[in-house]
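Observations on the three-dimensional arrangement
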Amino acid sequence: MLIFEEMQARGHEQLTVLHHAPSGLRAVVAVHSTVLGPAIAGCRLRPYDEERALRDALAMSESITLKAALAGLNYGGGACILMAPENGAEEGHLREALFRSLGRQMRGLGDRVVLTEDAGVTGQDISFVAQETASVLGMNTDTPTVTAYGVYRGLKAAARTVLGSESLRGVRVAVLGVGSLGAALCGHLHREGARLTVADERPGRAQALAEELQDRVTVVAADDLLDTPCDVLSPCGFGHSIRYDDVERLQCKLIAGGEHHPLSRRGEQAVKEAGIAYVPDYAINAAGLIAVATGVSAEAAAERVYQTVSQVCTLAQQNNKPIHLVARRLAERRIELIGSLARPL
């Protein structure tokens, strides 16, 4: 990957690599935009190779810029990708050292970046970061649970336009990835009477969820889920779940889920050509970000997602435009307009 070409193409401002051998810290911090305010950076901890860490940091930070803009927040977008240390960082002191090391090194970015939790990172981890820097948010917010409820509400808004009814009773939903967010989303869908097909890269997790929910749930292998006939495909994994070459396999009418950047730009074009509606992640998975940035309740944050998705889908229908392109244009337009204002004295 040619880093500067990639940054220029996406409009990134900054890419920083952090390292601290004793704690096992290896992190990539991407700042996509600070036009609207400090960049909120979701902090993610997973086993990564260097190439994937860079790609995910760039993609995720761009997504958060659009998410914050579309949600009406005065924040930009960032990402902090932590490569899982070889020591595992599971024992208490190791975990503390890892995240305090991250916080100490984040001081060098000043107030440009504000860290909050994402996949693999907990509120306790962020509290360790907070011992070294004040640039944190969301320590007391159950972000995956709030986000999942927002995705559920956003799905209902999209279904009204794409499927003809807001009710999800009897609707076939295929969920790829049933970690904390995906499992919570499945709970909401199941209670409404949706028919679920679930899959996870850790098969035992999908099976356990199916046993918990009992009826109207089918488990398939993660590699097979994209071939499943369904009304809604809901990716809830760690990004890039739907590759360009996978689009021809899809048998759904709508793609909408909690995952950051499930499709590349090329994939978005392929989905459009296939006649599949796509509600982008930055429109539908914003409830957690809204809650940590504003302090509102899960219900209030989810209602804002519902209203945003409703607005985007209505405009798309009125103008005969793809949903994802309308969402992107609305977000970019707000950034352009607010960015054109004179800086406050």
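Let me sum up the structure you'll find in this document.

What counts, and at which threshold
Residues numbered from 1 in each chain as written. Predicted model: local features only at pLDDT ≥ 70, side-chain atom pairs only at ≥ 80, totals over all residues. Heavy atoms only, no water. Helix = DSSP H or I, 4+ residues; strand = E, 2+ residues; numbered from the N terminus. Contact = heavy atoms within 4.5 Å. Polar contact = N/O pair within 3.5 Å; in protein donor to acceptor, adjacent residues only side chain to side chain. Core = buried A, V, L, I, M, F, W, Y, C linked by side-chain atoms within 4.5 Å. Buried < 20%, exposed > 50% of the residue type's maximum accessible area, 1.4 Å probe, protein only. Arc of directions from axis to C-beta.

**Comments concerning the environment of Glu 192**
- Structurally, the position occupied by Glu 192 is in helix α6 (residues 180-192).
- It is 9.6 Å that separates the C-alpha atoms of Glu 192 and Val 171, two residues lying 21 residues apart in sequence.
- Aside from chain neighbours lying at most four places away, what touches Glu 192 is Tyr 152, Lys 156, Glu 166, Ser 167, Leu 168 and Arg 169.
- Only 2.9 Å separates the side chain of Glu 192 from the side chain of Lys 156, close enough to count as a polar contact.

**With respect to the nonpolar core**
- Core analysis: the largest hydrophobic core is formed by 76 residues, its most contacted members being Leu 155, Leu 189, Leu 196, Val 198 and Val 279.
- Looking at this core element by element, the count peaks at ten residues for helix α2 (residues 50-70).
- The residues touching Val 198, leaving out its near neighbours within four places in the chain, are Val 175, Val 178, Cys 186, Ala 206, Leu 209, Val 217, Thr 218, Val 219, Val 220 and Leu 225.
- Grouped together as the second largest cluster of nonpolar side chains are 23 residues, Leu 18, Phe 99, Leu 109 and Val 136 included.

**Some thoughts on helix α8 (residues 265-273)**
- Here α8 has its buried residues at Gly 267, Glu 268, Ala 270 and Val 271. Angularly, the buried residues of α8 cover 160° about the axis, an arc narrow enough to put them on a single face. For α8, exposure combined with an orientation more than 90 degrees from the buried face picks out Arg 266 and Glu 273.
- Check the buried side of α8 and you find it contacts β10 (254-255), β11 (277-278) and α12 (323-339).
- Positive phi appears at Gly 275, one or two residues downstream of α8, with a value of about 75°.

**Some remarks on the side chain of Ser 101**
- Within the secondary structure, Ser 101 is located in helix α3 (residues 92-106).
- The contacts of Ser 101, once residues within four sequence positions are left out, are His 20, Ser 23 and Leu 25.

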